[in-house]
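Architecture and fold: a report
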Amino acid sequence: MLDIRRVDAYYYTILALIVTAVSGLFLLGVNSSFVLQLILIPLVTGTVDLILKKIKSGKIKFPKDAVITGLILAMVLSPSPVYLQIIVGLVAIAQKYVIKLNNRKLFNPAAFGLLFAWIAFGSAPAWWAVATPAVLLFLFSDYLIGRLPLSLTFYIASVGLVSISNYFTTGVFSPNILSYPLLFFATVMVVEPKTSAVTKRGMVIEGVLLAVGIFIIQQFIPIDVFIPMLLLMNLFVHFRMVK
């Protein structure tokens, strides 16, 4: 009998990302630029991480976390020229070896890469491959890494805040309970193990703070602030404001 506790969370997440990306492709219509992005960026992130890890430790092992970073970038980044894909993948991985305090990385690599693409090239997150029911697969990966309280707290708080706001605006309470892009952000990006809270209390606090912060800012700045706010929350976690 399969013991689910022995399932490798990284390999499961890679599989879930591939399934989600493929289902997203079929929902949108298979496009060669999307397919290239899904292949090239993980190849770049995996190769860069392999090289840097070899230089740093002298060891070579399959770069599971870097492949996950590459797949996330490919699925969220707007369809982009090849040179941009290569640069963004390189920057996302290189920063985790360069931008460190107390020998700990500060930022979620995928979020950092996406913000870099937005600032440096004007390529805003498109979330093109994540509007599919396949994102429900990541609830299990969150369970495997012990971050389910974080993803669920953030998701429920976000849906609740928007629903309450809409009620006061329209007089109708009609919550959008199932938002696939929001669920992807909650279950894949918010829960990155090395940049998120580790205690259950910390996860609840982080989830609520992130949801409230995004909600408040979007009342005044109607743009996608999910990525910048996640990186800000990474700093809160690093400096032990949230544990």
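Residues numbered from 1 in each chain as written. Predicted model: local features only at pLDDT ≥ 70, side-chain atom pairs only at ≥ 80, totals over all residues. Heavy atoms only, no water.

1. Here we look at the pattern of salt bridges
Taken as a whole and judged by the stated rule, the model has 5 salt bridges. Residue Asp 49 pairs with Lys 53 through a salt bridge whose shortest N-O separation is 3.1 Å. You can see Asp 49 and its partner Lys 53 sitting in helix H2 (residues 32–57), 4 residues apart, about one turn around the helix. Overall, Asp 49 belongs to the buried group, its relative accessible area being 0%. Exposure remark for Lys 53: the relative accessible area of 19% places this residue in the buried category. Among the salt bridges present, the one from Asp 65 reaches Lys 96, with a minimum N-O distance of 3.2 Å. Of this pair, Asp 65 sits in helix H3 (residues 64–76) while Lys 96 is found in helix H4 (residues 82–98), placing the two residues 31 residues apart along the sequence. (Salt bridge = Lys/Arg side-chain N within 4 Å of Asp/Glu carboxyl O. Helix = DSSP H or I, 4+ residues; strand = E, 2+ residues; numbered from the N terminus. Buried < 20%, exposed > 50% of the residue type's maximum accessible area, 1.4 Å probe, protein only.)

2. Brief notes about the packing of aromatic side chains
A full pass over the atoms with the stated rule returns 12 aromatic pairs. Judged by centre distance (5.9 Å) and plane angle (80°), the ring pair of Phe 116 and Phe 121 falls under edge-to-face. You can call Phe 116 partly exposed: its relative accessible area is 26%. Here the aromatic rings of Tyr 167 and Phe 168 are separated by 5.6 Å at their centres, their planes lie at 70°, and the arrangement is edge-to-face. Residue class for Phe 168 comes out exposed when judged on its relative accessible area of 69%. Members of the aromatic cluster, each reached through a chain of ring pairs, are Trp 127, Phe 154, Phe 185 and Phe 226. (Phe/Tyr/Trp six-rings, centres within 6.5 Å; stacked < 30°, edge-to-face > 60°.)

3. Some thoughts on a positive patch on the surface
On the surface, a cluster of positive charge is contributed by Lys 56, Lys 59, Lys 61 and Lys 194. Tracing the backbone shows Lys 59 in the loop between H2 and H3. Judged by its relative accessible area of 61%, Lys 59 is exposed. (Patch = residues over 30% accessible without salt bridge, like charges linked within 9 Å, V, L, I, M, F, W, Y side chains within 5 Å. Areas by Shrake-Rupley, 256 points an atom, 1.4 Å probe, with all protein chains shown as cover. Lys, Arg positive; Asp, Glu negative; His and termini not counted. Charge placed at Lys NZ, Arg CZ, Asp CG, Glu CD.)

4. Some words on the environment of Lys 61
You can see Lys 61 is positioned in the loop between H2 and H3. Since its relative accessible area comes to 55%, Lys 61 is described here as exposed. Filtering out sequence-adjacent residues up to four positions away, Lys 61 remains in contact with Leu 50 and Lys 53. (Contact = heavy atoms within 4.5 Å.)

5. A few points about H4
Taking 1.5 Å as the rise per residue, H4 with 17 residues should run 24 Å; its terminal C-alpha atoms sit 24 Å apart, in good agreement. Where H4 is concerned, the buried positions are Leu 84, Gln 85, Val 88, Gly 89, Val 91, Ala 92, Ile 93, Gln 95 and Lys 96. The inward-facing, buried residues of H4 abut H2, H3, strand S1 (100–101), strand S2 (104–105) and helix H5 (109–121). (Expected span 1.5 Å × (residues − 1).)

6. Quick look at the environment of Ile 145
Assignment of secondary structure puts Ile 145 in the loop between helix H6 (138–144) and helix H7 (148–170). Look at Ile 145 and you get partly exposed, because its relative accessible area is 27%. Sequence separation of Ile 145 and Ala 9 is 136 residues, and the distance between their C-alpha atoms is 6.6 Å. Non-local contacts of Ile 145, meaning those with residues more than four positions away in its chain, are made with Ala 9, Val 191 and Pro 193.

7. Things to note about the side chain of Asn 234
Along the chain, Asn 234 turns up in helix H10 (residues 226–238). Engagement of the side chain of Asn 234 in a polar contact is seen with the backbone nitrogen of Asn 108, the distance being 2.8 Å. In contact with Asn 234, not counting residues within four places along its chain, are Leu 106, Phe 107, Asn 108 and Thr 195. (Polar contact = N/O pair within 3.5 Å; in protein donor to acceptor, adjacent residues only side chain to side chain.)

8. Observations regarding unusual backbone geometry
Of note in the backbone geometry, Trp 127 takes a positive phi value of approximately 50° without being a glycine. Tracing the sequence through the fold places Trp 127 in the loop between H5 and H6.

9. Structural notes on the nonpolar core
Within the largest apolar cluster, 61 residues are counted, with the highest numbers of intra-cluster contacts made by Leu 17, Ile 72, Phe 154, Phe 184, Phe 185, Met 189 and Leu 210. At 8 residues, H3 tops the list of elements feeding residues into this core. Membership of the second largest hydrophobic core comes to 5 residues, among which are Leu 40, Val 48, Ala 66 and Ile 93. (Core = buried A, V, L, I, M, F, W, Y, C linked by side-chain atoms within 4.5 Å.)

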